[in-house]
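# A look at the structure
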Amino acid sequence: MAVSKFKEALNSGKFLVTCEIGPPKGTDLTQMLHHVDLLKYRVDALNVTDHQSSVMRFPSLGGCLSVKEKGGEPVLQMTCRDRNRLALQADLMLAHTRGINNVLCLTGDSVIVGDHKGAKGVFDLDSVQLLRAVRQMEAGKDMAGNDLEGGVSFCAGAVVTPEATPIEPQLIKFEKKVEAGAEFFQTQAIYDLERFAKFMEYARQFPVKILAGIVLLTSVGMAKFINANIPGIVVPQDLIDELANAGRGRALHKGIEIAGRMIAALKKDAICDGVHIMAIGKEEVVPEILAKAGL
Amino acid sequence: MRSITKRKTLDEIQQYLKGFDHVYILGCGTCTTMTRTGGKDQVLEMRDYLEGLEKTITGWTVIPIACDEMTEVAMKENERPIRNAGCVLVMACALGVHRISTYTNNPVIPALDTLFIGLEEKPGHFREVCIQCGQCVLGETAGICPVSECNKGLLNGPCGGTNDGKCEVDKEKDCAWTLIYRRLKLQGRLDLMRKYHPPKNYQTAPRPKSVRIRTSEENQDGSV
């Protein structure tokens, strides 16, 4: 079976860059396709989000098909929030037949944080079980143990939150994901490089590749919002001060500089295997971030 | 065990009662008395409210345990005023509504929504601790249920949404998996958290669930 291009990149030992693409709310794909064109040859893979923050959008699988059609390397983000085990397996098979060979297995946010608050959260599986389902299907069996006529093949990844408090429960789950067959991890956003380096000292003992999550800061307000509302992410005060002192209308520029600087530092000291850039609506500036990072 | 209820909005109740001029009200002396949603005081308040809407209340009573089969006796005693009403407004949980429905041909209208089966942690504080999933995992989760107390019912540890031991759904709510982690650690049994839990069987007893206790004669032939 075909080895995914992303898997080849993971095994190459080079410093990897992946980036997140957010499908639109609606069927006008113009902007998403523009972002795909802008980034497909600049990064090793493009993750397509799955109803991010439980907000209903164009599907991840549809976005991945577009990435594929345009010659890019997609990572199918798959949450357990909206599909039971039948639907998840069916989508994995569809993805495989269309050349989508990378999957990121996530639990998914609660329905309550999104825009369809009365919906039924499924969570028939969790992220660890989904990873195992992928591996079982690769072995030619569905989750009920029935033979598949034609299997699947995926480079499977998962997520970890290196700055969560308390950290030990997250690390136990991280290890369960490794045991379940995760080959790579894209982390939740990190800003404190020293703390992240400590996490990496621990993570290095496992045979997985770690891509540090880089979330672009666009304003002081956004940084404060993250600290107040987003679990497991801490924007240190010195970065907030840096954004505040950037001058009127210059915060985004400063955010790009900070992201580029962090990526360069991670690469220079070979702290991790790569980065996963989440520009959240500002995909347009990812090439600038990469330029600042010297990539 | 308590059936925890919440009163429907008065607007909703009024909608349900549209076209019924004569109403009989039934409360319950057990769970809804304790949650102050269907005890004597709330039944009388409902009577006053409905009379204010120009409805005739043909009678009211608070049945000791509305879900119990003795409810039939209580309803027989009040047969005439119940029959004189166009409908019965029930201020018991859904179990009571079911029971009452079997003893009258009149339309039965719930005044309450049944939220969950829970424990009273301290006076006035009720918490859902069991969703009757049919596959108890409490022995491996330090007595804290991830199926009912985790918003996502996760079996293999916390999601990334938890922070400082709180849940992503509600900052006031404890993360079930952090509680499980802390208690297992205290018990020196953290290895249980490392154990892989396969996907749950959600069809242990397909809905609608039912159980029949068999007599000893029935069991003699080896049946379970």
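Here the structure is a predicted model, which is why all the values come from computation and not from measurement.

Conventions we followed
Residues numbered from 1 in each chain as written. Chains lettered and ligands numbered in written order. Predicted model: local features only at pLDDT ≥ 70, side-chain atom pairs only at ≥ 80, totals over all residues. Heavy atoms only, no water. 1 Å grid on protein atoms, 1.4 Å probe; cavity = no way out; pocket = protein on both sides within 12 Å on 5 of 7 lines; lining within 4 Å. Points joined across faces, edges and corners; volume = space filled by probe spheres on them. Nonpolar A, V, L, I, M, F, W, Y, C, P; charged D, E, K, R; others polar. Helix = DSSP H or I, 4+ residues; strand = E, 2+ residues; numbered from the N terminus. Pairing = 2+ DSSP bridges. Axes fitted to C-alpha atoms, helices over the stretch in contact; angles between N-to-C directions.

### A closer look at empty space enclosed by the protein
All names here are of chain B. In this structure the tally under the stated criterion is three cavities of 30 Å³ or more. The computed volume of the largest cavity comes to approximately 130 Å³. If you trace the largest cavity, you find 16 residues lining it, with Cys150, Asn151, Cys159, Cys167 and Cys175 closest to the centre. Its residues assigned to classes, the lining of the largest cavity shows eight nonpolar, two polar and six charged. For the second largest cavity, the calculated volume is near 40 Å³.

### What to know about the layout of surface pockets
Take a probe with the size of a water molecule and roll it over the atoms, and the empty space left behind shows itself. Approximately 1300 Å³ is the volume found for the second largest pocket. Lining the second largest pocket are 34 residues, and of these Lys120 of chain A together with Ile131, Val147, Tyr202 and Arg207 of chain B sit closest to its centre. When contributions to the lining of the second largest pocket are tallied by element, the ones reaching two or more residues are β6 (112–122) and α7 (146–149) of chain B. Among the elements that make up the lining of the second largest pocket, the one with the highest residue count is β6 of chain B (three residues). For the lining of the second largest pocket, the per-class residue count stands at 18 nonpolar, eight polar and eight charged.

### Points about the sheet that holds strand β7 (residues 125–128) of chain B
All names here are of chain B. With respect to topology, three strands assemble into an open sheet ordered β1-β6-β7, the strand pairing being antiparallel. Bordering the open sheet on either side are β1 (2–7) and β7, each of which pairs with just one other strand. Strand after strand, the sheet turns through a mean of 65 degrees between neighbouring axes, direction not considered. Inspection of the sheet shows β6 paired to β7 by four bridges, in the antiparallel sense. Across the sheet, Lys122 pairs through a bridge with His125, a residue of β7.

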